[in-house]
Amino acid sequence: MISKLFSFLWLRQTLSPPTWPARCVVFALALSCKGSEREGLSRMFASVGVTTGLTDPTTPPPEAVFFLCDATLASTCNEARAAEGVEGVARYAFSRPGSEVRLFVLGETVAETIEVASITVPARAEGHERVVSAEERRFVETARRSLCPPLRPHLTGRRPRRSPIVESLAKLAMVNTHGLPRRILYLGDLREVGVTDFECGRIPTAAQWATLLRRRNLFGEGTFANTRVHLALVEGTPVEGRGCVVSVARELAIRERFREALTHAGAVRITFDTGLPDITRLFTEESTGAAAVATTNPRRPR
């Protein structure tokens, strides 16, 4: 009954200019609710509060979004997919003024894993939805023009054979974000060829993997604190020129080794995707409590 009355008053607020007496009644009803009913009304407040004048506009906090394209031979990050990734990251970042989008390319060695371009989301005043949408389109186009051209030579020229993914992720975790929470989007096949060989070599056990990383001082406790890591385009495709065995079991074992390392290092959220996900939706899904791990079912290797 209370929720129905609240809905009626909310509709009145939407269709007519808000008045302070009506606002007081609505808030009093919301406070009188209990349990799931109150939670439902809270979600309603969050989604329509700005429109009805019941709440002040809120802007999500900025983030440092690092986009790492694996440009090594036979990896799954190519020009088209990188462009899609840039667009998705830009749309997400736009909603968080002050955010930094930094584009990195994976090189033959960790020293050659470098930042090739970056862009910062400008501050803006709250405005009509159509105005904001137009600003978003302009920002996404600016991001494409700023980030895609510097990446192109790395994807069209000679592509490195080695894939130092582990060390490159660790390198990104060391980059100063000036206090902003860090989010890493990696596009590639996740086949490490550096500290070990995930293309053709034997996959180490969990204990062997932990020992290997510890000896190299990689992925230590807390090194990925306040960091979300999204690993996409992990498709289990054939290894060009090497004739390595490809199987679902092997691909799952590779994912598990990365999950173990990132969890030990304190990553807040870890996701794996066989394709390129809806980045805006993926990035806004926040975990609660301990580190969350999400995995899509791998496609059968081709």
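First things first, this report covers the structure right here in the doc. Everything numeric in this text was worked out from a predicted model, so none of it was measured.

## Details of the nonpolar core
Point 1. Within the largest apolar cluster, 35 residues are counted, with the highest numbers of intra-cluster contacts made by Leu 190, Phe 219, Phe 224, Leu 231 and Phe 258.
Point 2. For this core, the secondary structure elements donating two or more residues are β1 (64-70), β2 (100-106), α6 (165-174), β4 (182-187), α7 (206-215), β5 (227-232), α8 (248-264) and β6 (269-272).
Point 3. If one sorts the elements of this core by residue count, α6 sits on top with 6 residues.

## Quick notes on α8
Each α-helix winds once per 3.6 residues, and so residues spaced three or four apart point in a common direction.
Point 1. The terminal C-alpha atoms of α8, which comprises 17 residues, lie 24 Å apart, in line with the 24 Å expected from a rise of 1.5 Å per residue.
Point 2. Within the span of α8, buried status applies to Arg 250, Glu 251, Ile 254, Arg 255, Arg 257, Phe 258, Glu 260, Ala 261 and Leu 262.
Point 3. Among the residues trailing α8, Gly 266 stands out with phi positive, at a value near 95°.

## Let's talk about the packing of aromatic side chains
Point 1. In total, this model carries 7 aromatic pairs according to the counting rule given.
Point 2. Taking 6.1 Å as the distance between ring centres and 40° as the angle between the ring planes, the aromatic pair formed by Phe 94 and Phe 139 counts as tilted. Of the two residues, Phe 94 sits in helix α4 (residues 79-94) while Phe 139 sits in helix α5 (residues 129-156), which places them 45 residues apart along the sequence. Across the pair, exposure class does not vary: Phe 94 and Phe 139 are buried alike.
Point 3. Measuring from centroid to centroid gives 5.3 Å for Phe 198 and Trp 209, while their planes differ by 40°, and the two rings are tilted. Taken together, the positions of Phe 198 in the loop between β4 and α7 and Trp 209 in helix α7 put the pair 11 residues apart, joining distant regions of the chain.
Point 4. An aromatic cluster is present here, built from Phe 198, Trp 209 and Phe 258 joined pairwise through their rings.
Point 5. The cationic tip of Arg 124 hangs over the ring face of Phe 94; the distance from NZ or CZ to the ring centre is 4.1 Å.

## Quick notes on the pairing of β1
The two faces of a sheet get side chains in turn, since along a regular strand they alternate between them.
Point 1. Taking burial as the measure, the 7 residues of β1 include 7 buried ones, the bulk of the element.
Point 2. With burial as the criterion, each face of β1 is covered, one bearing Ala 64, Phe 66, Leu 68 and Asp 70 and the other bearing Val 65, Phe 67 and Cys 69.
Point 3. Pairing analysis gives 7 bridges linking β1 to β2, with the strands arranged parallel. Within the sheet, the bridge partner assigned to Asp 70 lies in β2 and is Leu 106.
Point 4. Viewed along the sheet, the connection from β1 through α4 into β2 turns out right-handed.
Point 5. Bridge count between β1 and β4: 6 bridges; the pairing is parallel. Across the sheet, Phe 67 pairs through a bridge with Leu 185, a residue of β4.

## Some points on the pattern of salt bridges
Think of it this way: side chains of opposite charge can pair up when their charged atoms draw near.
Point 1. Under the defined criterion, the tally for this structure stands at 15 salt bridges.
Point 2. When the shortest N-O distance is used, the salt bridge between Arg 183 and Glu 63 registers 2.9 Å. Taken together, the residues span a long stretch of sequence, with Arg 183 in strand β4 and Glu 63 in the loop between α3 (35-52) and β1 at a distance of 120 residues.
Point 3. Overall, the relative accessible area of 0% leaves Arg 183 in the buried class.
Point 4. On the accessibility criterion, Glu 63 (6% relative accessible area) is buried.
Point 5. Residue Arg 91 pairs with Glu 136 through a salt bridge whose shortest N-O separation is 3.9 Å. Taken together, the residues Arg 91 in helix α4 and Glu 136 in helix α5 connect sequence positions 45 residues apart.
Point 6. Residues joined in a network through salt bridges with shared partners are Glu 87, Arg 91, Glu 136, Glu 141, Arg 144 and Arg 145.

## Thoughts on the packing of α4 against α5
Point 1. Two elements in contact, α4 and α5, have axes whose closest approach is 8 Å; the angle formed by their N-to-C orientations is 145°. The way α4 lies across α5 gives a crossing that is right-handed.

## Quick word on the packing of α7 against α8
Point 1. Following both chains from N to C, one finds α7 and α8 inclined at 50°, their axes separated by 10 Å at the closest point. Accordingly, the angle class assigned to the pair α7 and α8 is oblique. Crossing of α7 over α8 shows right-handed handedness. Listed contacts from α8 to Ala 206, Trp 209 and Leu 213 of α7 are Arg 257, Phe 258, Glu 260 and Ala 261.

The rules behind the values
- The residue numbering used here restarts from 1 in each chain and proceeds along that chain's sequence as written.
- Selection of residues for local features in this predicted model requires a pLDDT of at least 70, selection of side-chain atom pairs for listing and counting requires 80 or more, and totals for whole chains, interfaces and linings are taken over all residues.
- As a convention, hydrogens and water are excluded, and side-chain values are obtained from all of the structure's heavy atoms.
- In these notes, a set of buried Ala, Val, Leu, Ile, Met, Phe, Trp, Tyr and Cys residues joined through side-chain atoms within 4.5 Å is what counts as a nonpolar core.
- Buried, partly exposed and exposed residues are distinguished by accessible area as a fraction of the type maximum, computed with a 1.4 Å probe on protein chains only: under 20%, between the cut-offs, and over 50%, respectively.
- Under the DSSP-based scheme used, a helix requires at least four consecutive residues in state H or I and a strand at least two consecutive residues in state E, with every element numbered from the N terminus.
- To estimate the expected span of a helix, subtract one from its residue number and multiply by 1.5 Å.
- The rule is short: rings of Phe, Tyr and Trp, with Trp giving its six-membered ring, pair when the centres are within 6.5 Å, and they are stacked under 30 degrees, edge-to-face over 60, tilted in between.
- Each ring is checked for a lysine NZ or an arginine CZ that lies within 6 Å of its centre and within 35 degrees of its normal; such an atom marks a charge sitting over the ring.
- DSSP-based pairing: two strands are paired if at least 2 bridges between them are found.
- Here the term right-handed applies to a crossover when the path leading from its first strand over the helix to its second strand runs clockwise, the strands being oriented away from the viewer.
- Throughout this description, the term salt bridge denotes a Lys or Arg side-chain nitrogen within 4 Å of a carboxyl oxygen of Asp or Glu.
- All axes here are fitted lines through C-alpha atoms, helices being fitted over the stretch that makes contact, and every angle between N-to-C directions spans 0 to 180 degrees.
- By the definition used in this description, the sense in which the near helix is turned from the far one sets the handedness, with an anticlockwise turn below a right angle giving left-handed and a clockwise turn giving right-handed.
- Our angle categories are set so that under 35 degrees counts as roughly parallel, over 145 as roughly antiparallel, 65 to 115 as roughly perpendicular, and the remainder as oblique.
- The contact criterion used throughout is that any non-hydrogen atoms of two residues lie within 4.5 Å.

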